[in-house]
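# Structural characterization, general
The lines below spell out each chain.
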Amino acid sequence: QKEVEQNSGPLSVPEGAIASLNCTYSDRGSQSFFWYRQYSGKSPELIMSIYSNGDKEDGRFTAQLNKASQYVSLLIRDSQPSDSATYLCAVNIRVQGAQKLVFGQGTRLTINP
Amino acid sequence: DTAVSQTPKYLVTQMGNDKSIKCEQNLGHDTMYWYKQDSKKFLKIMFSYNNKELIINETVPNRFSPKSPDKAHLNLHINSLELGDSAVYFCASSSRKTGYNSPLHFGNGTRLTVT
């Protein structure tokens, strides 16, 4: 089982709709979860972090965490063409006393005008 | 500007050569990383340094040697470059002082092409 798994997509959503991105992880002890957005040819940029079960909202973005199910998701409301990018789920995994941020393979999202 | 900066942005070289990538952060972070992003966009950790000490060393060939002269700098030297080393290499930093919850801040990446 991969440490962090995402559907690679591509995911196509019409403008104005809700885009839903999903991620599962293997380490039950993980405490920190992040969503990064990466435009083509650019570096990943942090858009959301979540540490507790439940929902966390920031503008049009909502992150959802369910530690029992080892599942984290990102909802983008009122999707805009500028949201078209690859979204990377990242999870802190314990490794012999250290922590490393492990990324999923990314979901490519396209918002259609 | 406060940032993670890495040089060069592009690096084109032939197989067998040795090359280095430099990274500097002025965010006051104490932990720095090298990540490799392959052609399928999979981002994988290579190394992590905390206060100049190596704390994570993934299964990376010995041809890759990181070096951290101080906590604001982390360089990556690659010997005997191979075609499979072609990728984008990202430097990143974070702060362990705030615990394990600190997100990573990425540099702009170095696109390495080995011919």
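Presented here is a report on the structure given in the accompanying data block.

### Details of the overall build of chain A
Scanning chain A for helices and strands turns up zero helices and eleven strands. The globule rule puts the C-alpha radius of gyration for 113 residues at 13 Å, and the 14 Å found for chain A is close to it. Summarising its shape, the C-alpha atoms of chain A cover approximately 45 × 30 × 20 Å along the three principal directions. The burial tally for chain A puts 49% of its 113 residues in the buried class. Long-range pairs, those at least 24 residues apart, make up 54% of the contacts in chain A between residues at least 6 apart in sequence. By element, 45% of the accessible surface of chain A is carried by carbon and sulfur atoms, the whole surface being about 5,200 Å². Across chain A, 11 positive and 10 negative side-chain charges occur, with their mean positions spaced 6 Å apart.

### A short note on the sheet that holds strand 7 (residues 64–70) of chain B
Residues and elements named next belong to chain B. Strand order in this open sheet of four strands is 1-3-8-7, and the pairing throughout is antiparallel. On the outer flanks of this sheet lie strand 1 (4–7) and strand 7, each paired with one strand and no other. Strand-to-strand twist across the sheet, computed as the mean angle between neighbouring axes with direction ignored, equals 15°. Bridge count for strand 1 against strand 3 (residues 19–25) is four bridges, and the pairing is antiparallel. Bridged to Val 4 within strand 3 is Gln 25.

### Digging into the sheet that holds strand 7 (residues 61–66) of chain A
All names here are of chain A. Taken together, the five strands give an open sheet; going across it, the order is 1-3-8-7-6, and neighbouring strands pair in antiparallel fashion. A strand with exactly one partner marks an edge of an open sheet, and here the two such strands are strand 1 (4–6) and strand 6 (54–58). Direction aside, neighbouring strands of the sheet carry axes that sit 20° apart on average.

### Thoughts on the interface of chain A and chain B
Across the contact, 20 residues belong to chain A and 20 residues belong to chain B. Here chain A meets chain B over a buried area of about 1,700 Å², counting both sides, of which 57% is carbon and sulfur. Applying the counting rule to chain A against chain B returns one salt bridge. For Lys 100 of chain A, the salt bridge is made with Glu 58 of chain B, and the minimal N-O distance between the two is 2.9 Å. Taken together, the connections running from chain A to chain B amount to five residue pairs in polar contact (both at pLDDT 80 or more). Contributing elements (two or more residues each) for the side of chain A that touches chain B: strand 4 (33–38), strand 9 (85–95) and strand 10 (98–103) of chain A. The element that contributes the greatest number of residues to the side of chain A that touches chain B is strand 10 of chain A, accounting for five residues.

Thresholds, definitions, all that
- Residues numbered from 1 in each chain as written.
- Chains lettered and ligands numbered in written order.
- Predicted model: local features only at pLDDT ≥ 70, side-chain atom pairs only at ≥ 80, totals over all residues.
- Heavy atoms only, no water.
- Helix = DSSP H or I, 4+ residues; strand = E, 2+ residues; numbered from the N terminus.
- Rg over C-alpha atoms; globule rule 2.2 N^0.38 Å.
- Buried < 20%, exposed > 50% of the residue type's maximum accessible area, 1.4 Å probe, protein only.
- Contact = heavy atoms within 4.5 Å.
- Areas by Shrake-Rupley, 256 points an atom, 1.4 Å probe, with all protein chains shown as cover.
- Lys, Arg positive; Asp, Glu negative; His and termini not counted.
- Charge placed at Lys NZ, Arg CZ, Asp CG, Glu CD.
- Pairing = 2+ DSSP bridges.
- Axes fitted to C-alpha atoms, helices over the stretch in contact; angles between N-to-C directions.
- Buried area = accessible area lost by both parts, 1.4 Å probe.
- Salt bridge = Lys/Arg side-chain N within 4 Å of Asp/Glu carboxyl O.
- Polar contact = N/O pair within 3.5 Å; in protein donor to acceptor, adjacent residues only side chain to side chain.

Function cannot be inferred from these measures alone, as they are strictly geometric.
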